[in-house]
Amino acid sequence: MPDRDTEALYGIISERNLRKFGFDLNPIVSFASGLFVVLFAAFALLRLEQASQLFQILNELVVNQFDWVFILSSNLFILVCLYFALSRLGSVRIGGLDAEKEFSNFAWYSMLLSAGMGIGLMFWAVGEPLSHFITSPPIFASAEPAYTALATTFLHWGLHPWGIYALMALGLAFFSYNKKLPLSLRSLFYPLLGERICGPIGDIIDTFAVLSVLFGLATSLGLGIQQINSGLAYIVGIEFSIGMQVLLIGVITLIAVASVLSGIDKGIRLLSSLNMKVALVFMLVVFLLGPSGYIIRLFSNSLGVYAGQIVQDAFFINTNGGDWQGMWSIFYLAWWISWSPFVGMFIARISRGRTIRELILGVLIIPSLLSFVWLSVFGGTAIHLDLELGGSLFQMVQDNLPAALFELLRLLDVPLLAELGRMALVILATLLVIIYFITSSDSGSIVVDKMTSGGKLNTPVKQRVFWCLMEGLIAAVLLVIGGEKALEALQTAVITAGLPLALIMVVMVSALVRGVKAAHRDQQAWVEARRLEGLIRERFGDNPGEYDA
């Protein structure tokens, strides 16, 4: 029997929702996700050591036995993205030819960066380049260790993560806006499963995606709150403790709720645009106060090493033992893939009206270049200072990673009103992390809300508020249960989820290519029909009978 029309499937899925107390939820996805979160928290509370060991065993199995899956699939995703962007298929418009953009380019890029890796860049921009500088990686060989260090960091924060995000975003946006399917992960399986995505199989897929997003967000928010605590400890001398971090999560989550209540157009858009401007000012000040000439040379040479060796080193799979690749490259690829339902769905939500070419190249190129510049400024300054101080900055970073950025700011040579200037920079950095926390929580609540409502585009505001509060609560509970160790256990679990998601995306590629090709044919036929209609009107005016004669 042929499948029902895809628009009918949207209705079938939403009809299964529970509509009570002002909520509009898929009960199976919502309650199953909530139950799993409670069970995980209970397991961590009662058996944190065993939970940590279990997830570590699973993680080692995934990293050591399936490292090739992450390496090959991530490169495949970039090649597929380039095929879409550079071929005739790039002209297909998300949402149809008449769809219009909701957001300006600046607002769009700002939201991409805020949701994609804002907190991550703040957290790792000092520590990772410095670590690769001290312990040379087996990729991007160069005569200068600093070039190797930064080129390796570019691999982890550049085209590969954004290629993963771009492909997931395109799949979700295309099946939702062009095929009229729900905006949820289950829709990616429509070409394979047909209308079975409306039933239990679809619920399992969406539950898996919800847990991946919730746990990934909880980990990132937990790391972000530690950095905020470090900044406030420097500014006003408050203690660095679990209790203070839980209090901060509560306060900032309430601010995120206010952002949710104001809607995506006023909340995330305005905060992301503000954060982009503040980040650019912050980066420019550090660039001017730091070793500017060294940073420029480091950026140019490292970019050259990255561009010159990316094909060879992006396909590198370790065969000589050692755990560097598992600790760094595989860790990042698994994390980005497990993070892709969140970022991909958010990008899909804000990309209606853009062509596939705009979406792919916009997500691949601009965020990657901005990340490269950011990493060069902060990573380059850190390397330069570490050389001057005989390795003491690296030791400080090793001892307290959340404080790495603030240690760098403390060591900057500020020519006038030094203490006041450093304090202003720390305040600016802390403000950036706080706003990234808010936008991540806000965008995360939108994504989880979409998946737990069966992919509905319009849902009750209180529902998004509920998920925003849940994200903060999960992060706070994990900190109380086991502090950083609980966050590490959760992070390990999320990375393990990257393996099935990588395979899901590989399956999605074939369906997406077929679907976009069909959409391109339909779009070209429609454009041609419009062109002929225009020629007829131009020749015969509004008298079609004259043409019929």
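Reading guide: rules and limits
- Residues numbered from 1 in each chain as written.
- Predicted model: local features only at pLDDT ≥ 70, side-chain atom pairs only at ≥ 80, totals over all residues.
- Heavy atoms only, no water.
- Helix = DSSP H or I, 4+ residues; strand = E, 2+ residues; numbered from the N terminus.
- Rg over C-alpha atoms; globule rule 2.2 N^0.38 Å.
- Buried < 20%, exposed > 50% of the residue type's maximum accessible area, 1.4 Å probe, protein only.
- Contact = heavy atoms within 4.5 Å.
- Areas by Shrake-Rupley, 256 points an atom, 1.4 Å probe, with all protein chains shown as cover.
- Lys, Arg positive; Asp, Glu negative; His and termini not counted.
- Charge placed at Lys NZ, Arg CZ, Asp CG, Glu CD.
- Phe/Tyr/Trp six-rings, centres within 6.5 Å; stacked < 30°, edge-to-face > 60°.
- Salt bridge = Lys/Arg side-chain N within 4 Å of Asp/Glu carboxyl O.
- Core = buried A, V, L, I, M, F, W, Y, C linked by side-chain atoms within 4.5 Å.
- Expected span 1.5 Å × (residues − 1).
- Arc of directions from axis to C-beta.

1. Notes on the overall build of the protein chain
Secondary structure summary: the protein chain contains 22 helices and 0 strands in total. Radius of gyration (C-alpha) of the protein chain: 24 Å, near the 24 Å computed for a compact globule of 549 residues. When its C-alpha atoms are laid out on the principal axes, the protein chain stretches across 90 × 55 × 50 Å. When burial is assessed residue by residue, the protein chain has 58% of its 549 residues classed as buried. Put simply, 82% of the contacts in the protein chain that link residues at least 6 apart link residues at least 24 apart. For the protein chain, the accessible area works out to roughly 21,800 Å², and carbon and sulfur atoms hold 64% of it. For the protein chain, the distance from the average site of its 34 positive side-chain charges to the average site of its 39 negative ones is 8 Å.

2. Some remarks on the side chain of Gln-325
Turning to its location among the elements, Gln-325 is positioned in helix α15 (residues 324-350). A relative accessible area of 6% places Gln-325 in the buried class.

3. Description of the packing of aromatic side chains
All chains considered together, the criterion is met by 24 aromatic pairs. Judged by centre distance (5.9 Å) and plane angle (85 degrees), the rings of Phe-23 and Phe-466 are edge-to-face. One end of the pair, Phe-23, is in the loop between α1 (6-15) and α2 (27-46); the other, Phe-466, is in helix α20 (residues 461-496), with 443 residues separating them in the sequence. Taking the centre distance of 6.2 Å and the plane angle of 45 degrees together, the rings of Phe-282 and Trp-374 count as tilted. Linking Phe-282 in helix α13 (residues 268-289) with Trp-374 in helix α16 (residues 356-388), this pair joins segments that are 92 residues apart in sequence. Residue Phe-282 is classed as buried on the basis of its relative accessible area of 0%.

4. Points about the pattern of salt bridges
Tallied over the full model, the rule gives 8 salt bridges. Taking the shortest distance from any N to any O, the salt bridge between Arg-186 and Asp-203 comes out at 2.7 Å. Remark: Asp-203 occurs in helix α10 (residues 200-236) and Arg-186 occurs in the loop between α8 (159-178) and α9 (190-193); sequence separation between them is 17 residues. This pair shows no difference in class: Arg-186 is buried, exactly as Asp-203 is. Between Glu-419 and Arg-422 there is a salt bridge, with the nearest N and O atoms lying 3.3 Å from each other. One end of the pair is Glu-419 and the other is Arg-422, both in helix α19 (residues 418-452) and 3 residues apart, which spans about a single turn. Overall, the relative accessible area of 57% leaves Glu-419 in the exposed class. A relative accessible area of 13% means that Arg-422 is categorised as buried. Through salt bridges with shared partners, one network takes in Arg-16, Arg-186, Asp-203 and Asp-206.

5. Some thoughts on the nonpolar core
Core analysis: the largest hydrophobic core is formed by 184 residues, its most contacted members being Phe-84, Leu-167, Phe-282, Ile-360, Trp-374, Phe-378 and Leu-409. If you tally residues by element for this core, the top one is α15, at 18 residues. In contact with Phe-378, not counting residues within four places along its chain, are Ala-125, Val-126, Phe-282, Met-283, Val-286, Leu-405 and Leu-408.

6. Considering helix α3 (residues 48-65)
The α-helix advances 3.6 residues per turn, and as a result positions three or four apart in sequence lie on the same side. With 18 residues, α3 ought to run about 26 Å at 1.5 Å a step, and its terminal C-alpha atoms sit 25 Å apart, in line with that. Listed as buried for α3 are Leu-48, Ala-51, Ser-52, Phe-55, Asn-59, Val-62 and Val-63. In a view along the axis of α3, the buried residues occupy a sector of 95 degrees, so they form one face of it. Of the exposed residues in α3, the ones pointing more than 90 degrees away from its buried face are Ile-57 and Asn-64. Those residues of α3 that are buried lie in contact with α2, α4 (67-86), α15, α20 and α21 (498-540).

7. Quick word on the environment of Leu-223
As for its placement among the helices and strands, Leu-223 is situated in helix α10. In this structure, the C-alpha to C-alpha distance between Leu-223 and Leu-409, residues 186 residues apart in sequence, is 19 Å. If near-sequence neighbours (up to four positions away) are discounted, Leu-223 is found in contact with Phe-123, Leu-487 and Gln-491.

8. A look at the environment of Asn-400
Within the fold, Asn-400 resides in the loop between α17 (392-399) and α18 (404-411). Residue class for Asn-400 comes out partly exposed when judged on its relative accessible area of 32%. Distance in space between the C-alpha atoms of Asn-400 and Gly-127 is 9.9 Å, their sequence separation being 273 residues.

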